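# Summary of structural features
Chain by chain, the residues run as shown.
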Amino acid sequence: MAAPLRVLACGDAEGRLEALFGRVRAIQDKSGRFDMLLCVGNFFGSTSDAEWTEYRTGAKKGRRGVFSSTSGLQIAYLSGTESQDEPAPAYSFSSKDVTELKTSLLSTPNFKGIDILLTSPWPRDVENFANSPGKINTKKCGSTLISDLAASLKPRYHFAALEKAYYERLPYRNHTVLQETPQHVSRFIALADVGNTSKKKYLYAFSIVPMSLMDPAELVKQPQDVTENPYRKSQKEAQKTTKALVCAEEEPACQFFFDLNKHQGKKRPSDGKERGNSQPKQAKTPSQPTGPCWFCLASPEVEKHLVVSIGTHCYLALAKGGLLPDHVLILPIGHYQSVVDLSPEVMEEVTKYKSALKEFFRSKGKRYVLFERNYKSQHLQLQVIPVPLDCTSEDIKECFITQAQEQQIDLLEIPEHSDITQVARPGTPYFYVELDTGEKLFHRIRRSFPLQFGRWAPPSSLSPFPRPLRRSLPGAEAAPLCSQGGAGQPGAAGAAGARRLAALRRGAGRGGGAGPRLPPRLPALRLGRAGVTPGRRAGRGDGRAGGRRR
């Protein structure tokens, strides 16, 4: 590999060149010479020296361009601030400048990205999926044109300034996980102004090997803290806007007019297609089951005695034939098939339930592993299984991956800071595992899939049942709210379920957390078509606690 170049990047100089160069000399005396110094932001400040006039007006620097060093390092730059005017003033850039800069690079054969991008403004929405920049609101101060440029050019390093703040964003990926070929990551760094009294960082030192000289495998390595691309959503919205503008230019304007060939005074839209677009976007609502559903809370098929907690959009229930006494399910009240189908408000409550369960199990010296099978099931079931706290994340993942390999199932780890909704679309069959640390495993089901795989995978040390017996246990997928006791008596499973329920509620009543608490004395619920009414408390040992055999 070629020797790396040593580079210094600087924020707003604002004409304080003596202070800047003094600091650079001190760094070089201590750490050795650097190959180049790059400056972003307000370089000239308010000084009025005549020697800067041609630079200020753009006569000697150009508004945009690409610099290629003899070492092969490629640097793209865009000067000034965003302007809506065309032509843009000498100290600003416009959408035309961004388009021309993109075109000059994207038309290059086998273009993969650039090494460094220099801009003055921050990109809009750069903090999406990442650490907070503090008091800086990138939805207001950022430039959408810069976001589009960064998303297209895929710089390995992007430097900006102007906000008098230091911010180093977590690196983000430039590809979609499991859908596109892995690419290099990008890093965004914003720098403060030179000599600021708050002692904020305005110089950033780093080493870089030009992309053209790097080994491809080394180039695409993903760091542990990599996140999703913050501009992907903005890019999609920009494409929709552009498409809408093109359609508006090609078709007659969508307006209401009087049709003089028909009854006067009645107005109609100029195009029926626009009439559909004029309707406000409806909130995502649950679909309706095609037949009886064991899991929709309003369904008469639901047995009441295993319900632990009911929230606004979700509820918690003990599993039928659970692998452990406190094996529970998180289920949406409405009819949703999978996690990727959930509306934002339902997803938010699912997250709160997971947080509450994590705190509850930790108070019992345990942790949990969660899985979902979106295959041959019509209602979302998040299976939550507690495991001993001394089981490491690597042990649990290895257990699932080993079992998957035995079944010739390709179970992949989703990178940290990614979400299941980013790798699977609604309607896609999949199997999904999530640890209480946020680590995730994913398999896209393309053909057949063993329905009990999630119950086989945990090792024997995590369950009182040996693995062969677990394969024959009643599946929680079949009817989690149906008990196994006999009619008119609690039965062994019914009484055990009542004891599990009481223990879970007692422990949950002492727990806290940001999510919904599991109330210590929540009454069982009698569920019917007309609504929900309080019934007998679970765990009393009467005939209804055991349920009827089906």
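Everything quoted here is computed from the prediction, not taken from an experiment. Just so you know, the residues in each chain are numbered from 1, in the order the chain's sequence is written. Totals for whole chains, interfaces and linings use all residues, but because this is a predicted model, local features are given only for residues with pLDDT of at least 70 and pairs of side-chain atoms are given and counted only at 80 or more. Computation of side-chain values: all heavy atoms of the structure, hydrogens and water removed.

Here we come to the sheet that holds strand β18 (residues 366-374). Strand pairing is assigned whenever DSSP identifies at least 2 bridges connecting the two strands. Helical segments are the DSSP runs of H or I of at least four residues, strand segments are the runs of E of at least two, and each set is numbered from the N terminus. The antiparallel open sheet is built from 8 strands, whose spatial order is β15-β16-β17-β19-β18-β21-β22-β20. Bordering the open sheet on either side are β15 (307-310) and β20 (412-414), each of which pairs with just one other strand. Sheet twist, expressed as the average angle between the axes of neighbouring strands with direction ignored, equals 25 degrees. Sheet analysis places strand β16 (residues 314-318) next to strand β17 (residues 328-332), joined by 5 bridges and oriented antiparallel. Helix axes use the C-alpha atoms of the stretch in contact, all axes being lines fitted to C-alpha atoms, and the angles between their N-to-C directions lie in the range 0 to 180 degrees.

The next subject is the state of the cysteines. Disulfides are defined in this document as cysteine sulfur pairs within 2.5 Å. This structure, assessed with the given rule, holds 0 disulfides. In this model Cys399 remains outside any disulfide bridge; the closest cysteine sulfur is found in Cys391, 8.9 Å from its own.

For the rest of this paragraph, the subject is the packing of aromatic side chains. Aromatic rings from Phe, Tyr and Trp, with only the six-membered ring used for Trp, were paired whenever their centres fell within 6.5 Å, and each pair was classed as stacked if the ring planes differed by under 30 degrees, edge-to-face if by over 60, and tilted otherwise. Throughout the structure, instances matching the rule amount to 17 aromatic pairs. Each ring, one from Phe431 and one from Phe453, has its centre 5.1 Å from the other, and the planes form 85 degrees; the classification is edge-to-face. Of this pair, Phe431 sits in strand β21 (residues 430-435) while Phe453 sits in helix α11 (residues 453-456), and the two are 22 residues apart along the sequence. When its relative accessible area of 1% is taken as the criterion, Phe431 is described as buried. Look at Phe453 and you get buried, because its relative accessible area is 0%. Burial here depends on accessible area, computed with a 1.4 Å probe over protein chains only, as a share of the maximum for the residue type. Under 20% is buried, over 50% is exposed, and the range in between is partly exposed.

What follows concerns the pairing of β17. With 5 of its 5 residues buried, β17 lies for the most part within the structure. Going residue by residue along β17, you find Val328, Ile330 and Pro332 tucked away on one face and Leu329 and Leu331 tucked away on the opposite face as well. Relative to strand β19 (residues 382-388), β17 runs antiparallel, the two sharing 3 bridges. When the bridges of β19 are listed, Leu329 appears paired with Gln383.

It is worth stressing that arrangement in space is one thing and function is another; only the former is reported here.
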